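Okay, here's what each chain looks like letter by letter:
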Amino acid sequence: MSRENTVRIDELTWIEVKALLDRGVRRFILPVGTLEPHGTHLPLGTDTIAPYAIALEVARRVNALVLPPIYYGVTKSLAGYPGAVRIEPSILKEYVYSILKYMALHGFKEAVIMNGHGGREQVEALDKAAFRIWQEYHIPVLIINWWSLARERGITQKFLSKEGGHGGSDETAVIYSVAPHLVKKHLYDENQILVYSSSIIAYPIEGTIINYSDKEGGVLFDETKSKKYFNMLVNEIAKVVDEYFQKVSFK
Ligand SMILES: [Zn+2]
């Protein structure tokens, strides 16, 4: 009964999870984020709210369950701002490993990590946890950096006419689609924008909207375009997930 209503494993009883396993459901998605600033217009939880919302929509399309998200991650350059929290990469790695391990022990066979935070240390920690699970349990693990996939496949450009960036038009569009009340346009400040440069490293960094190029400009606030973007994004990610597990079904 609940399967029709929810894809959230935390809303199911153990007997419902057992029934799903008996019926062949083998796939799950773990959303992972961090707590850090995103301009002055998006919430600190953006890196978790976004991948969690994406995971819930993707799960409905690919017959997966969604695990409770991890709200804390490896914040670094923005760790100095009020409300930001950093946990060490080694902790995130072990934490994610433990979660995936238990899903494996229960009989789940296909793991997706929906990542919302692009820091190098976070991506490396997830990478290590995923590879260890593959080696020890022979469960294929797919890590998706959603904003990066959206940019690479032209979705961000097509729907938002932007490339996106940290705290930029892409993250704003997802929050606009799933929790519009959390987009505080009246607090938006263009002085927060800085263009990423590999030649400058600073702690804390002096802006909380980080663009990839100087052509990007300000953040787009458009609820209609945002919803279309979000819809295309989840469809594309669902396709990636399905295709991936089909291709590795030789395992
Ligand atoms: Zn973010």
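What counts as what
- Residues numbered from 1 in each chain as written.
- Predicted model: local features only at pLDDT ≥ 70, side-chain atom pairs only at ≥ 80, totals over all residues.
- Helix = DSSP H or I, 4+ residues; strand = E, 2+ residues; numbered from the N terminus.
- Rg over C-alpha atoms; globule rule 2.2 N^0.38 Å.
- Buried ≥ 20, exposed ≤ 12 C-beta atoms within 10 Å, placed from the backbone.
- Core = buried A, V, L, I, M, F, W, Y, C linked by C-beta atoms within 7 Å.
- Contact = placed C-beta atoms within 7 Å.

Here's the deal with the overall build of the protein chain
Scanning the protein chain from N- to C-terminus turns up nine helices and seven strands. Its C-alpha atoms give the protein chain a radius of gyration of 18 Å, near enough to 18 Å, the size a compact globule of 251 residues would have. With respect to the three principal axes, the spread of C-alpha positions in the protein chain is 55 × 40 × 30 Å. For the protein chain, buried positions account for 43% of its 251 residues.

What about unusual backbone geometry?
With an omega dihedral of -5 degrees, the bond running from Tyr203 to Pro204 counts as a cis peptide bond. You can see Pro204 is positioned in the loop between strand 6 (193-195) and strand 7 (209-211). Even without a glycine there, the phi angle at Asn63 is positive, about 55 degrees. The topology assignment puts Asn63 in the loop between helix 3 (46-62) and strand 2 (64-66). Of note in this structure, His138 is not a glycine but carries a positive phi near 55 degrees. Position of His138 relative to the elements: it lies in the loop between helix 5 (120-137) and strand 4 (141-145).

Observations concerning the nonpolar core
Grouped together as the largest cluster of nonpolar side chains are 57 residues, with contacts concentrated most on Ile29, Ile54 and Val66. Examining the composition of this core, we find that nine residues originate from one element, helix 3, more than from any other. Residues within four places of Ile29 in sequence aside, it is in contact with Ala55, Val58, Ala59, Ala64, Val66, Leu67, Val112 and Met114.

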